[in-house]
Amino acid sequence: MLAKRFEHILHDLGMAGLEHPLFYHAPVGIRFKIGGEEPIYLDRRAAKLKTNPAYVQGALDRAAAIYRALPAVPDLLRIDGYPDEEPAESLLTVIRQRVGLPVPDEQLPATELDEDGDTHAQVQFYWDLSKISFQPELLLREIILGDIGGWNGFVSSVYLAGPGPFLYHLYDDRGLDVLGGSQKLLLPLYHQFHDWILEYDLEKIDQMFAPAKE
């Protein structure tokens, strides 16, 4: 079962479960800044804000570059939906239409505990990416647009995992967490994209990877 496999990946990453922000709940990870310096919107005075294509493309270029440099091609995709207001079937229809995904291999009802201790209904959709034709940039673009003019169902709800193990979590247009089973596994990403590491966490991340530099 893909859901069980995902659980095992979290365990191997040293995590008891998915708790946001993921970077702060994982022993080994890197937090990248994805949004660039361009303005997010073209004209803030307009009645309807229009997203700046240059900002979106810049964020997508960063997210896609890191995706392509992952330790392996991700072979497991999980997307969470929250059917409090919309049935799971409707959520799945939107997900599939926006990113061209087939029917998921597994669909699992669950509950999620929020920061206030309240529980929310959740549905987890799983795909085995090794068996389907998958266009990652379509999905990454939708996540980036989620908080700035797109459909917000993808924000903080999409997880891509692969052998190593690693977990790639683009949470919105601002940032991306990559978690790994070891420092050595993520060291190439640390070196290649060091300039994109979120400044707020840079000191912590530098210390995390310092023993692996030698």
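Residues numbered from 1 in each chain as written. Predicted model: local features only at pLDDT ≥ 70, side-chain atom pairs only at ≥ 80, totals over all residues. Heavy atoms only, no water.

Engineer: Help me out: how do you make sense of the overall build of the protein chain in this one?
Structural biologist: When you go through the protein chain residue by residue, the secondary structure sums to 6 helices and 7 strands. Each helix and strand of the protein chain, placed in order from N terminus to C terminus, yields the pattern α-β-α-β-α-β-β-α-β-β-β-α-α. For 214 residues, the compact-globule estimate of 2.2 N^0.38 gives 17 Å, and the C-alpha radius of gyration of the protein chain, at 17 Å, lies within 12% of that figure. Taken across its 214 residues, the protein chain has 46% of its residues classed as buried. Put simply, 67% of the contacts in the protein chain that link residues at least 6 apart link residues at least 24 apart. (Helix = DSSP H or I, 4+ residues; strand = E, 2+ residues; numbered from the N terminus. Rg over C-alpha atoms; globule rule 2.2 N^0.38 Å. Buried < 20%, exposed > 50% of the residue type's maximum accessible area, 1.4 Å probe, protein only. Contact = heavy atoms within 4.5 Å.)

Engineer: Even after reading the chapter, I still don't get unusual backbone geometry, so can you show me in this structure?
Structural biologist: Only a minority of non-glycine residues have a phi that is not negative, and only a minority of peptide bonds are not trans. Cis peptide bonds are those with omega within 30 degrees of zero, and the linkage from His-20 to Pro-21 qualifies with -10°. Tracing the backbone through its elements, the reader meets Pro-21 in the loop between helix H1 (2-12) and strand E1 (29-33). The amide bond that connects Gly-164 to the next residue, Pro-165, takes the cis arrangement and shows omega of -10°. Looking at the secondary structure, you find Pro-165 in the loop between strand E5 (158-162) and strand E6 (166-170). Within the chain, Ser-156 stands out as a residue other than glycine whose phi angle is a positive 60°. With relative accessibility at 26%, the residue Ser-156 sits in the partly exposed group.

Engineer: What exactly am I supposed to notice about the pairing of strand E2 (residues 76-81) here?
Structural biologist: It is a general feature of regular strands that their side chains alternate between the two faces of the sheet. The buried fraction of E2 amounts to 6 of the 6 residues, a majority that puts the element mostly inside the structure. Across the two faces of E2 the burial is the same, with Leu-76, Arg-78 and Asp-80 and Leu-77, Ile-79 and Gly-81 all buried. Two strands pair when backbone bridges link them, and E2 and strand E4 (residues 119-128) are joined in this way by 6 bridges, in the antiparallel orientation. Its bridge partner lying in E4, Leu-77 is registered against Trp-127. Strand direction decides the pairing type here: E2 and E5, joined by 4 bridges, are antiparallel. The residue of E5 that forms the bridge with Ile-79 is Val-158. (Pairing = 2+ DSSP bridges.)

Engineer: Quick question: what am I supposed to make of the sheet that holds E2 here?
Structural biologist: Backbone-to-backbone hydrogen bonds join strands into a sheet, with any given pair of strands oriented parallel or antiparallel. Spatially, E1-E7-E6-E5-E2-E4-E3 is the arrangement adopted by the 7 strands of the open sheet, whose pairing is antiparallel. Strands at the two margins of the open sheet, each flanked by one partner only, are E1 and strand E3 (106-113). Going across the sheet, the axis of each strand differs from the next one's by a mean of 20°, ignoring polarity. Sheet strands in contact with helix H4 (residues 136-145) are E2, E5 and E6, and its direction is about 50° off that of E6. (Axes fitted to C-alpha atoms, helices over the stretch in contact; angles between N-to-C directions.)

Engineer: Looking at this model, I keep getting lost on helix H6 (residues 202-209). Mind explaining?
Structural biologist: Since the α-helix advances by 3.6 residues per turn, residues separated by three or four positions end up pointing in the same direction. Listed as buried for H6 are Ile-205, Met-208 and Phe-209. When H6 is viewed along its axis, its buried side chains cluster within an angular range of 85° and face the same direction. In H6, the exposed residues that point more than 90 degrees away from the buried face are Glu-203 and Gln-207. Considering only its buried residues, H6 is in contact with E1 and helix H5 (183-192). (Arc of directions from axis to C-beta.)

Engineer: Got a minute to help me understand the packing of helix H2 (residues 53-68) against H4 in this structure?
Structural biologist: Packed helix pairs are characterised by how far apart their axes lie and by the angle those axes make with each other. Two elements in contact, H2 and H4, have axes separated by 10 Å at closest approach and are oriented at 135°. Between H2 and H4, the crossing angle belongs to the class labelled oblique. You can see that H2 and H4 cross each other, and the crossing is right-handed. For the pair H2 and H4, contact is made by Val-56, Gln-57, Ala-59, Leu-60, Ala-63, Ala-64, Tyr-67 and Arg-68 and by Pro-136, Glu-137, Leu-140, Arg-141, Ile-144 and Leu-145, respectively. Considering only residue class, the contact of H2 with H4 consists of 10 nonpolar, 1 polar and 3 charged. (Parallel < 35°, antiparallel > 145°, perpendicular 65-115°, else oblique. Left-handed = near helix turned anticlockwise from the far one by under 90°. Nonpolar A, V, L, I, M, F, W, Y, C, P; charged D, E, K, R; others polar.)

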